[in-house]
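# Chain and residue survey
Now for the letters of each chain:
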Amino acid sequence: MPRVSSAFFLVAALCGLAGMAWGMQMGKSGDHTLHAAHAHLNLLGWVTLSIMGGFYALPGTVKGGWLPWTNLVLSAGGAIWMAILLPRVIAGKVSGALMVTAEAPAVLGMVLFIVAVLLTLRRPAAG
């Protein structure tokens, strides 16, 4: 498996574990105020990063270079920063406008992922 795929899966698993712990804490406390932040961590962190890691492991996809690694940094950074920032926004401690600092990298990471998919489509089909 390419190193970039392993890196995507490692960060995804860490986000998944953090999301599970967060969910357990919400269940234990009965306070589900931060469920939106928890959901963002699970969806962007665990699910999306896992899908991206699986894609980069497929035959015929980009394996190295700047594209997949930048995709990882932007996507993971955006997801993690969003999970950190969103509870503060929900609690009214910071402005929701600050969320763009998490949303922009996450969106740029998705744009790079689309570029990687399009580059793969341009390659001749294997077998």
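Parameters at a glance
- Residues numbered from 1 in each chain as written.
- Predicted model: local features only at pLDDT ≥ 70, side-chain atom pairs only at ≥ 80, totals over all residues.
- Heavy atoms only, no water.
- pLDDT = per-residue confidence, 0-100.
- Helix = DSSP H or I, 4+ residues; strand = E, 2+ residues; numbered from the N terminus.
- Expected span 1.5 Å × (residues − 1).
- Bend = angle between axes of the 7 residues up to and from the residue.
- Core = buried A, V, L, I, M, F, W, Y, C linked by side-chain atoms within 4.5 Å.
- Buried < 20%, exposed > 50% of the residue type's maximum accessible area, 1.4 Å probe, protein only.
- Contact = heavy atoms within 4.5 Å.
- Axes fitted to C-alpha atoms, helices over the stretch in contact; angles between N-to-C directions.
- Parallel < 35°, antiparallel > 145°, perpendicular 65-115°, else oblique.
- Left-handed = near helix turned anticlockwise from the far one by under 90°.
- Nonpolar A, V, L, I, M, F, W, Y, C, P; charged D, E, K, R; others polar.
- Polar contact = N/O pair within 3.5 Å; in protein donor to acceptor, adjacent residues only side chain to side chain.

## A closer look at the confidence of the model for the protein
- In this model, the protein carries a mean pLDDT of 93, and residues with pLDDT of at least 70 account for 98%.
- Mean pLDDT across the elements of the protein bottoms out in helix 2 (residues 35–57) (94) and peaks in helix 1 (residues 3–29) (96).

## Observations regarding helix 3 (residues 66–90)
- Compared with an ideal rise of 1.5 Å per residue, which puts 25 residues at 36 Å, helix 3 spans 35 Å between its outermost C-alpha atoms and is within 8% of the ideal.
- At A83, helix 3 shows its largest kink, close to 30°, and the proline P87 lies no more than four residues downstream.
- Looking one or two places after helix 3, you find G92, whose phi comes out positive at around 80°.

## Some words on the nonpolar core
- In terms of nonpolar packing, the biggest core is built from 15 residues, with F8, L49 and Y56 touching the most fellow members.
- Elements represented by at least two residues in this core include exactly helix 1, helix 2, helix 3 and helix 4 (100–122).
- Beyond its immediate stretch of four places on either side in the chain, L49 contacts F8, V11, A12, L44, S75 and A76.
- In terms of nonpolar packing, the next biggest core, distinct from the first, is built from 13 residues, W22, L41, L86 and A102 among them.

## Re the packing of helix 2 against helix 4
- Running from N to C, helix 2 and helix 4 cross one another at 25°; their axes reach a closest spacing of 12 Å. On the basis of their axis angle, the class for helix 2 and helix 4 is roughly parallel. Crossing of helix 2 over helix 4 shows left-handed handedness. Between helix 2 and helix 4, the contacting residues are T48, M52, F55 and Y56 on the first element and G109, M110, L112, F113, A116, V117 and T120 on the second.

## Brief notes about the environment of G78
- Residue placement: G78 occurs in helix 3.
- Considering only alpha carbons, one finds G78 and G54, 24 residues apart in sequence, at a separation of 19 Å.
- Setting aside residues no more than four positions away along its own chain, G78 makes contact with V73, A102, P105 and A106.

## A few points about the packing of helix 2 against helix 3
- As a packed pair, helix 2 and helix 3 sit with axes 8 Å apart at the nearest point and diverge in direction by 170°. On the basis of the axis angle, helix 2 is roughly antiparallel to helix 3. The segment helix 2 lies against helix 3, with A36, A37, H40, L41, L44, G45, L49, M52 and Y56 engaging L67, P68, N71, S75, A76, A79, M82, A83, L86, P87 and I90.
- When the residues that make up the contact of helix 2 with helix 3 are grouped by side-chain class, the tally is 16 nonpolar, four polar and no charged.

## Concerning the side chain of N71
- Within the fold, N71 resides in helix 3.
- Judged by its relative accessible area of 0%, N71 falls in the buried class.
- Here G109 takes part through its backbone oxygen, which lies 2.9 Å from a polar atom of the side chain of N71.
- Those residues in contact with N71, other than ones at most four positions away along the chain, are F8, M52, Y56, G109, L112 and F113.

## A word on the environment of A12
- Tracing the sequence through the fold places A12 in helix 1.
- Separated by 31 residues in the primary sequence, A12 and L43 place their C-alpha atoms 9.8 Å from one another.
- Here A12 is in contact with G45, W46, L49 and S50, once residues within four sequence places are set aside.

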